[in-house]
Amino acid sequence: MPDLLLELFSEEIPARMQAKAADDLRRLVTEKLVAEGLVYEGAKAFATPRRLALTVHGIPARQPDLKTERRGPKIGAPDAAVQGFLKATGLKSLDEAKIQRDPKGDFYIGLIEKPGRDAIEVLAEILPVIIRTFPWPKSMRWGARSGKPGSLSWVRPLHAIVATFGPETEEPDVVKFEVDGIATGQTTYGHRFMAPAAISVRRFEDYEAKLKAAKVILDPQARKDIIFADAKELTFAQGFELVEDQVLLDEVSGLVEWPVVMMGSFEAEYLAIPDEVIRATIRNNQKCFVVRDSKTGKLTNKFVLTANIEASDGGKTIVSGNERVIRPRLSDAKFFYETDLKTKLEDRLPKFEQIVFHEKLGTQAARIKRIERLAAEIAPLIGADVAKAKRAARLAKADLLTEVVGEFPEVQGLMGKYYALAQGEDAFVAAASEEHYKPQGPADSVPSHPISVAVGLADRLGMLVGFWIADEKPTGSKDPYALRRAALGVIRLIVSNNIKLPLTPLLRREWHEHATSGHGVTAKADVTIADLLVFFADRLKVQLREQGARHDLVDAVFALGGQDDLLMIVRRVEVLGKFLESDDGKNLLAGTKRASNILSIEEKKDKRSFDGAPDAALYSLDEEKALAKAIGEVKAEAGAAVAKEDFAAAMSAMAKLRPPVDAFFDKVRVNDDDARVRENRLKLLNEIRSATRAVADFSKIQD
């Protein structure tokens with residue numbers, strides 16, 4: 001079966017766009033092929049700085065013929081309807097139509113035959129449309145044609161299009177079409193500097209081989225592998241170790257078509273700068289990897305660069321050029337760092353008075369005071385030193401005003417730690433400057449020291465209450481202030497550190513702080529807190545679902561009301577999940593749901609609820625008496641276990657309800673003819689529901 005080779009050759013495509021562009025090209029072409037009835041065997045896309053390429057193999061040479069039936073008018077219908085039917089189906093007369101019998105009458109049926117087209121014709125039709133409508137994040141027009149309506153918009157000037165199609169055993173044909181004056185052909189070009197001559201290609205195999213001979217590695221993964229292997233080998237040969245960086249590797253592989261790895265150096269005096277600042281300087285400005293001493297773990301004054309050319313001088317000029325650029329960058333970083341050290345963190349705080357955090361929530365200075373106050377309240381609850389927690393909260397944001405963080409925002413917090421240590425702060429106070437931002441994502445570590453935890457919780461809880469008051473809650477996919485991440489951070493800090501911390505009092509105090517600060521609070525505290533707790537419940541569901549737990553169990557626990565201790569909720573959910581996996585749990589759930597369903601029906605019918613204690617004098621059957629006795633015992637036992645936060649014991653108590661509940665539904669008719677007996681039995685069913693609510697609302701649990 002024939003194969004397609006498509007290449008779009010252009011000026012340099014930004015590295016950050018290449019992977020998605022290759023995937024988009026593969027997806028758009030293959031979706032169109034399938035839609036046209038051309039089901040292919042396989043497809044793969046590639047990207048280099050100057051080209052997008054796609055190979056699709058196993059495409060049928062021709063579309064299948066299509067036969068469809070079209071239902072027409074009834075026999076005896078008006079002539080206008082008949083003529084419309086004949087025109088739509090292409091039939092010459094009704095003699096060519098079939099008749100289909102139907103309960104509503106006899107109808108004409110027209111058989112429409114649409115012969116398939118050659119696949120190369122279909123490709124010539126769909127490919128230019130895909131090229132013209134390609135979804136680049138940013139695109140441009142160029143040249144004389146750019147002013148004309150409908151001119152091509154592309155990420156960078158497009159120079160050539162290769163499009164060939166044919167079976168492996170034959171000479172392929174060119175898929176002929178034109179886009180903005182660029183006609184398809186079989187000509188591409190090699191490396192811009194080392195092999196710029198035109199190359200004639202036929203199909204993917206010789207295309208890839210000829211490009212390699214012309215100093216172009218087509219496959220991005222192959223380029224990554226070369227860069228990584230050569231960099232590790234080069235550093236190892238000199239007794240060093242490469243600092244691996246997958247994000248940088250992805251970017252660098254998109255900057256070169258023929259990767260050549262080299263090593264440069266800088267003056268050892270710059271090693272006085274923190275390693276992270278050196279790495280940020282070299283990484284951000286020159287896209288180079290840093291190198292460390294494998295014995296000490298500290299950076300060395302070496303770096304690894306990736307060139308796009310095999311230089312005649314062995315790369316000396318390229319290395320020298322990179323060194324000349326990196327040296328002043330490091331000099332600037334050293335100056336910033338040394339300048340920052342001259343001003344204490346606390347002396348920077350007054351400047352926050354002039355910086356607005358949010359127009360509805362005041363200045364950064366006011367925000368820091370709220371974090372400081374809330375951290376002091378949280379500290380004794382989690383075993384942190386109150387004075388140190390306050391001090392850490394006071395200094396945690398100060399490095400935002402430093403020169404280094406202004407230049408490299410990614411080292412915020414980390415620089416605060418370095419500056420705090422340099423000015424003699426307690427080590428745990430200093431660490432909180434960095435750690436209070438953690439965790440920032442699912443792969444990020446969770447701090448464990450109480451001071452860092454106290455500041456991290458205060459920062460996030462303060463943000464959540466503040467933005468709820470400002471009515472800046474997340475909506476749909478929009479979350480500009482990363483409040484979902486803040487809530488997940490609170491959950492992970494609490495659960496990972498096994499912290500028992502009721503949230504309601506803290507949220508209420510934070511709300512009161514805003515209410516007394518003139519921030520225009522309109523929603524009542526209870527409304528704000530209730531809404532926030534629902535938000536935490538939703539985030540907790542996400543967290544537990546990612547861990548493989550059932551999110552409906554979170555609903556079952558939260559439905560009890562007043563559930564604001566996240567650690568206790570997680571523990572309840574864990575124990576409840578294990579209980580429901582047992583036979584006792586499954587059967588008790590079934591019995592409880594049966595009781596709830598009967599109650600719902602009867603309450604709706606009678607337009608009343610069946611609250612209140614049943615009358616023991618109306619029990620006539622042993623199963624009623626046994627169930628009532630079991631409910632009383634289980635309520636007391638489960639309630640006592642929950643009060644001690646022993647949820648496993650509470651579940652064990654619940655399991656004792658299973659036999660009497662099963663027996664009750666097996667032997668007792670709830671809707672007795674005697675109205676008083678019926679009401680009493682419905683009240684007994686309500687007691688089942690009430691007893692199980694000691695641990696969860698079973699009605700929220702999915703079967």
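Please refer to the structure higher up on the page.
What counts and what doesn't
- Residues numbered from 1 in each chain as written.
- Predicted model: local features only at pLDDT ≥ 70, side-chain atom pairs only at ≥ 80, totals over all residues.
- Heavy atoms only, no water.
- Helix = DSSP H or I, 4+ residues; strand = E, 2+ residues; numbered from the N terminus.
- Rg over C-alpha atoms; globule rule 2.2 N^0.38 Å.
- Buried < 20%, exposed > 50% of the residue type's maximum accessible area, 1.4 Å probe, protein only.
- Contact = heavy atoms within 4.5 Å.
- Areas by Shrake-Rupley, 256 points an atom, 1.4 Å probe, with all protein chains shown as cover.
- Lys, Arg positive; Asp, Glu negative; His and termini not counted.
- Charge placed at Lys NZ, Arg CZ, Asp CG, Glu CD.
- Expected span 1.5 Å × (residues − 1).
- Core = buried A, V, L, I, M, F, W, Y, C linked by side-chain atoms within 4.5 Å.
- 1 Å grid on protein atoms, 1.4 Å probe; cavity = no way out; pocket = protein on both sides within 12 Å on 5 of 7 lines; lining within 4 Å.
- Points joined across faces, edges and corners; volume = space filled by probe spheres on them.
- Nonpolar A, V, L, I, M, F, W, Y, C, P; charged D, E, K, R; others polar.
- Pairing = 2+ DSSP bridges.
- Axes fitted to C-alpha atoms, helices over the stretch in contact; angles between N-to-C directions.
- Parallel < 35°, antiparallel > 145°, perpendicular 65-115°, else oblique.
- Left-handed = near helix turned anticlockwise from the far one by under 90°.
- Salt bridge = Lys/Arg side-chain N within 4 Å of Asp/Glu carboxyl O.
- Phe/Tyr/Trp six-rings, centres within 6.5 Å; stacked < 30°, edge-to-face > 60°.
- Arc of directions from axis to C-beta.

### Notes on the overall build of the protein chain
In terms of helices and strands, the protein chain carries 25 helices and 18 strands. Computed over its C-alpha atoms, the radius of gyration of the protein chain comes to 36 Å, more than 25% above the 27 Å expected for a compact globule of 703 residues. Referenced to the eigenvectors of the C-alpha coordinate spread, the extents of the protein chain come out at roughly 100 × 100 × 50 Å. Of all 703 residues assigned to the protein chain, the portion counted as buried reaches 48%. The contacts in the protein chain between residues at least 6 apart in sequence include a share of 68% that link residues at least 24 apart. Surface accessibility of the protein chain: about 33,700 Å² in total, with carbon and sulfur atoms responsible for 50%. Of the side chains in the protein chain, 103 bear a positive and 105 a negative charge, and the two mean positions are spaced by 3 Å.

### Quick word on helix H8 (residues 316–341)
Relative to the 38 Å expected for 26 residues at 1.5 Å per residue, H8 spans 37 Å between its end C-alpha atoms, a close match to the ideal helical length. The inward-facing, buried residues of H8 abut strand S14 (260–265), helix H7 (275–286), strand S16 (299–307), helix H9 (345–348), helix H12 (403–407) and helix H13 (414–422).

### Describing the nonpolar core
By size, the foremost hydrophobic cluster in this structure holds 98 residues, and its most contacted members are Leu576 and Leu657. Setting aside chain neighbours within four positions, we find Leu657 in contact with Leu588, Leu627, Ala630, Ile631, Val634, Ala691 and Thr692. In terms of nonpolar packing, the next biggest core, distinct from the first, is built from 40 residues, Val277, Ala280, Phe303 and Leu330 among them.

### Here we look at empty space enclosed by the protein
Enumeration over the complete set of coordinates arrives at 2 cavities of 30 Å³ or more. Roughly 80 Å³ of internal volume is contained in the largest cavity. Secondary structure elements with two or more residues in the lining of the largest cavity: helix H10 (364–382), helix H15 (450–469) and helix H17 (504–515). Residue contributions to the lining of the largest cavity peak at 6 residues, all from H15. Taken together, the residues that form the lining of the largest cavity break down as 7 nonpolar, 3 polar and 4 charged. Within this model, the second largest cavity holds a volume of roughly 30 Å³. Considering the residues around the second largest cavity, the lining is formed by Val243, Asp245, Leu248, Arg279, Arg283, Cys288, Phe289 and Val290.

### With respect to the pairing of S14
For S14, the buried fraction is high: 5 of the 6 residues fall into the buried class. Bridging between S14 and S16 involves 6 bridges; their strand directions are antiparallel. In the sheet register, Ser265 faces S16, and the bridge partner there is Lys302.

### What to know about the side chain of Lys397
In this structure, Lys397 sits in the loop between helix H11 (386–395) and H12. Not counting residues within four places of it along the chain, the set of residues in contact with Lys397 comprises Phe352, Arg367, Ile368, Ile371, His436, Tyr437 and Asp459.

### What to know about the packing of H7 against H8
Orientation of H7 relative to H8, taken along the N-to-C sense of each, is 135°, at an axis distance of 10 Å. One finds that H7 runs oblique with respect to H8. For the crossing formed where H7 meets H8, the hand is right-handed. Across from Val277, Ile278, Thr281, Ile282, Asn285 and Gln286 in H7, the residues of H8 making contact are Asn322, Val325, Ile326, Arg329, Leu330 and Ala333. For the contact of H7 with H8, the class distribution of residues is 7 nonpolar, 4 polar and 1 charged.

### Quick word on the sheet that holds strand S5 (residues 98–102)
Taken in spatial order, the 3 strands make up an open sheet running S4-S6-S5, and their pairing is antiparallel. Each having just a single partner strand, strand S4 (66–74) and S5 make up the two edges of the open sheet. Looking at each pair of strands side by side, their axes are set apart by 35° on average, direction ignored. One ladder, built from 5 bridges, connects S5 with strand S6 (residues 105–114); its direction is antiparallel. Across the sheet, residue Asp102 finds its bridge partner in S6, namely Gly105. On the sheet, helix H2 (residues 79–89) packs against S4 and S6 and is oriented at approximately 175° with respect to S4.

### Some words on the sheet that holds S14
The strand order S13-S15-S16-S14 describes an open sheet built from 4 strands, whose pairing is antiparallel. In this open sheet, the two edge strands, each paired with only one partner strand, are strand S13 (241–242) and S14. Each of S14 and S16 touches H8; the most contacted strand, S16, lies at about 125° to it.

### Quick notes on the pattern of salt bridges
This structure, assessed with the given rule, holds 60 salt bridges. Put simply, Glu257 and Arg51 hold a salt bridge, and the shortest N to O gap is 3.2 Å. Of the two residues, Glu257 sits in the loop between helix H6 (246–253) and S14 while Arg51 sits in strand S3 (residues 51–57), which places them 206 residues apart along the sequence. Across the pair, Arg51 and Glu257 agree in class, each one buried.

### Side note on the layout of surface pockets
Its volume calculated, the largest pocket comes out at about 540 Å³. Every element with two or more residues in the lining of the largest pocket is listed here: H7 and strand S15 (289–292). At 6 residues, H7 tops the list of elements feeding residues into the lining of the largest pocket. Considered class by class, the residues forming the lining of the largest pocket number 8 nonpolar, 4 polar and 10 charged. If you add up the space inside the second largest pocket, you get close to 410 Å³. Taken together, 19 residues form the lining of the second largest pocket, with Arg367, Tyr437, Asp459, Met463 and Arg485 sitting closest to its centre.

### Focus on the packing of aromatic side chains
Within the structure shown, the criterion is met by 12 aromatic pairs. On the numbers, 5.9 Å between centres and 25° between planes, the contact of Tyr337 with Tyr419 is stacked. Linking Tyr337 in helix H8 with Tyr419 in helix H13, this pair joins segments that are 82 residues apart in sequence. By relative accessible area, Tyr419 is classed as buried at 5%.

### Observations regarding unusual backbone geometry
Cis peptide bonds are those with omega within 30 degrees of zero, and the linkage from Lys438 to Pro439 qualifies with -5°. The residue Pro439 is located in the loop between helix H14 (427–435) and H15 in this model. Look at Asp471: it is not a glycine, yet its phi comes out positive at around 55°. Here Asp471 shows up in the loop between H15 and helix H16 (483–496). Of note, the phi angle at Asn498 is positive, near 50°, even though the residue is not glycine. Turning to its location among the elements, Asn498 is positioned in the loop between H16 and H17.

### Here's the deal with helix H4 (residues 204–213)
All of the buried residues along H4 are Phe204, Asp206, Tyr207 and Leu211. When H4 is viewed along its axis, its buried side chains cluster within an angular range of 165° and face the same direction. For H4, the exposed residues set more than 90 degrees away from the buried face come down to Lys212 and Ala213. At the C-terminal side of H4, Lys215 shows a positive phi close to 65°.

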